[in-house]
Amino acid sequence: MQDSTETAQFGGLALYTLRDAMAENAETTLQTVSGDGYAYIEAAGYEEGKFYNMTPQDFKSFCESINLKPVSTHQGSVTLENAEQMIADVKAAGFQYFVIPVPPMGMFTFDQETMTMGMEGTVEELANILNTLGEQCNAAGLKLLYHNHDFEFKKNANGVVPIEYLLENTDANTVNFQMDLYWVTKAGADPIAYFEKYPGRFKLWHVKDMDDEGKFAPVGEGKIDFKRILAEKEKSGMQYYFVEQDQTFNHTPLEAIKISHQGLETIGFQ
């Protein structure tokens, strides 16, 4: 029988939320994540063949030892040249999903003055890159996903909505998507409309709340109607979900992930 003081383990955490703590002491931070009740994780710390300064095998072993499952990893530095080695490392670390967090290979843009994101190059080029990487991941037994921000849900200079082009011009057998519910909401789009139009394509979610000012908030402390979205998870194709909070403002990141885990339970995530 489970001790009533123990936290039930469910749900995932995107480790980008704890990037500073992970850089200071990855092992201790991962133990805290497990202790706070998270069951699985998404990495965002791959460099020179290692995940948070651990070899892929050591990272996998350590996560297993503290009852954390490595599910997905953001691989922003992928190129067509380094993909083969990176895919091998992702596989060796025990991940199932290889996630492209922004348009890769120098295509991503960020305007510091307006704090807006975008991309150089064409959506056709991006779709081709994703299809190529998707085939490579699939051959290795991994699943490739593309993660959105807000700009992909807005018409570009040519009147094309990038996410819709990508959904329609990538092979659903080898390329799918991680939906960041905050950024979709920020763009003024409705996640459920996309689930209905492109069922089964959104395999992972980032569960991230938004306060009244439009800033990031712990799950359950903002205005996004997660219950409504969660009710359509099967249409989405969602297999796993991750709490993520890019900035935590009034809380430390470690405080924020605790609040969010309680919020998940209240909303009905399992």
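Whatever comes next refers back to the structure up there.
Residues numbered from 1 in each chain as written. Predicted model: local features only at pLDDT ≥ 70, side-chain atom pairs only at ≥ 80, totals over all residues. Heavy atoms only, no water.

Undergrad: Which parts of the structure should I look at to understand the overall build of the protein chain?
TA: Across its full length, the protein chain carries 11 helices and 14 strands. In terms of overall size, the protein chain behaves like a compact globule, its C-alpha atoms giving a radius of gyration of 18 Å where 270 residues would be expected to give roughly 18 Å. In terms of its C-alpha atoms, the protein chain occupies a principal-axis envelope of roughly 55 × 40 × 40 Å. Classification of the 270 residues of the protein chain by burial places 51% in the buried group. (Helix = DSSP H or I, 4+ residues; strand = E, 2+ residues; numbered from the N terminus. Rg over C-alpha atoms; globule rule 2.2 N^0.38 Å. Buried < 20%, exposed > 50% of the residue type's maximum accessible area, 1.4 Å probe, protein only.)

Undergrad: Which parts of the structure should I look at to understand the pattern of salt bridges?
TA: Close approach of charged atoms allows side chains with opposite charge to pair. If you walk through the whole model with that rule in mind, you get eight salt bridges. Between Asp180 and Lys208 there is a salt bridge; the shortest N-O distance is 2.9 Å. Pair noted here: Asp180 is in strand β10 (residues 175–180) and Lys208 is in the loop between β11 (202–207) and β12 (209–210), with a separation of 28 residues, a long-range link. Residue classification places Asp180 among the buried positions, given a relative accessible area of 0%. Across the pair Arg228 and Asp190 runs a salt bridge whose closest N-O atoms are separated by 2.7 Å. Linking Arg228 in helix α9 (residues 226–230) with Asp190 in the loop between α7 (181–186) and α8 (191–197), this pair joins segments that are 38 residues apart in sequence. Taking relative accessible area as the criterion, Arg228 reaches 39% and is therefore assigned partly exposed. Judged by relative accessible area, which is 28%, Asp190 ranks as partly exposed. (Salt bridge = Lys/Arg side-chain N within 4 Å of Asp/Glu carboxyl O.)

Undergrad: So what exactly am I meant to see when it comes to the nonpolar core here?
TA: Note that soluble globular proteins tend to have their nonpolar side chains buried in a common cluster. Within the largest apolar cluster, 84 residues are counted, with the highest numbers of intra-cluster contacts made by Leu30, Phe59 and Trp205. If you tally residues by element for this core, the top one is helix α5 (residues 123–139), at six residues. What Phe59 contacts, discounting residues up to four positions off in sequence, is Leu30, Ile41, Phe51, Tyr52, Met54, Pro70, Ala93 and Phe95. (Core = buried A, V, L, I, M, F, W, Y, C linked by side-chain atoms within 4.5 Å. Contact = heavy atoms within 4.5 Å.)

Undergrad: Where do I start with helix α3 (residues 56–65) in this structure?
TA: For an α-helix, 3.6 residues make a turn, and residues three or four places apart therefore share a direction. Buried within α3 we find Pro56, Phe59, Phe62 and Cys63. Taken down its axis, α3 places every buried residue within 130° of arc, on the same side. Of the exposed residues in α3, the ones pointing more than 90 degrees away from its buried face are Glu64 and Ser65. Asn67 occupies a position one or two residues after α3 and carries a positive phi of about 65°. (Arc of directions from axis to C-beta.)

Undergrad: Just to check I follow, could you spell out the packing of aromatic side chains for this structure?
TA: Centre distance and the angle of the planes are the two values used to describe a pair of aromatic rings. Under the defined criterion, the tally for this structure stands at 21 aromatic pairs. Between Tyr40 and Tyr241 the ring centres are 6.3 Å apart and the planes differ by 75°, which places this aromatic pair in the edge-to-face class. With Tyr40 in strand β2 (residues 40–43) and Tyr241 in strand β14 (residues 240–243), this residue pair connects regions lying 201 residues apart in the sequence. In terms of burial, Tyr40 and Tyr241 fall into one category: buried. Ring centres 5.0 Å apart and planes at 55° place the aromatic pair Tyr46 and Phe51 in the tilted group. A relative accessible area of 17% places Tyr46 in the buried class. We classify Phe51 as buried; its relative accessible area is 0%. (Phe/Tyr/Trp six-rings, centres within 6.5 Å; stacked < 30°, edge-to-face > 60°.)

Undergrad: When you look at the sheet that holds β14 in this model, what are you seeing that I'm missing?
TA: Strands in a sheet are paired, the pairing made by backbone hydrogen bonds, and the direction either parallel or antiparallel. Spatial strand order, β1-β2-β5-β6-β9-β10-β11-β14: eight strands in a closed barrel with parallel pairing. Averaged over all pairs of adjacent strands, the angle between strand axes in this sheet comes to 30°, irrespective of strand direction. Taken together, the four bridges between strand β9 (residues 143–147) and β10 define a ladder with parallel strand orientation. Its bridge partner being in β10, Leu144 is matched across the sheet by Val175. Contacts between α5 and the sheet are confined to β6 (97–100), β9 and β10, with β9 contributing the most and set at about 150° to the helix. (Pairing = 2+ DSSP bridges. Axes fitted to C-alpha atoms, helices over the stretch in contact; angles between N-to-C directions.)

That is the geometry; function is a separate question.
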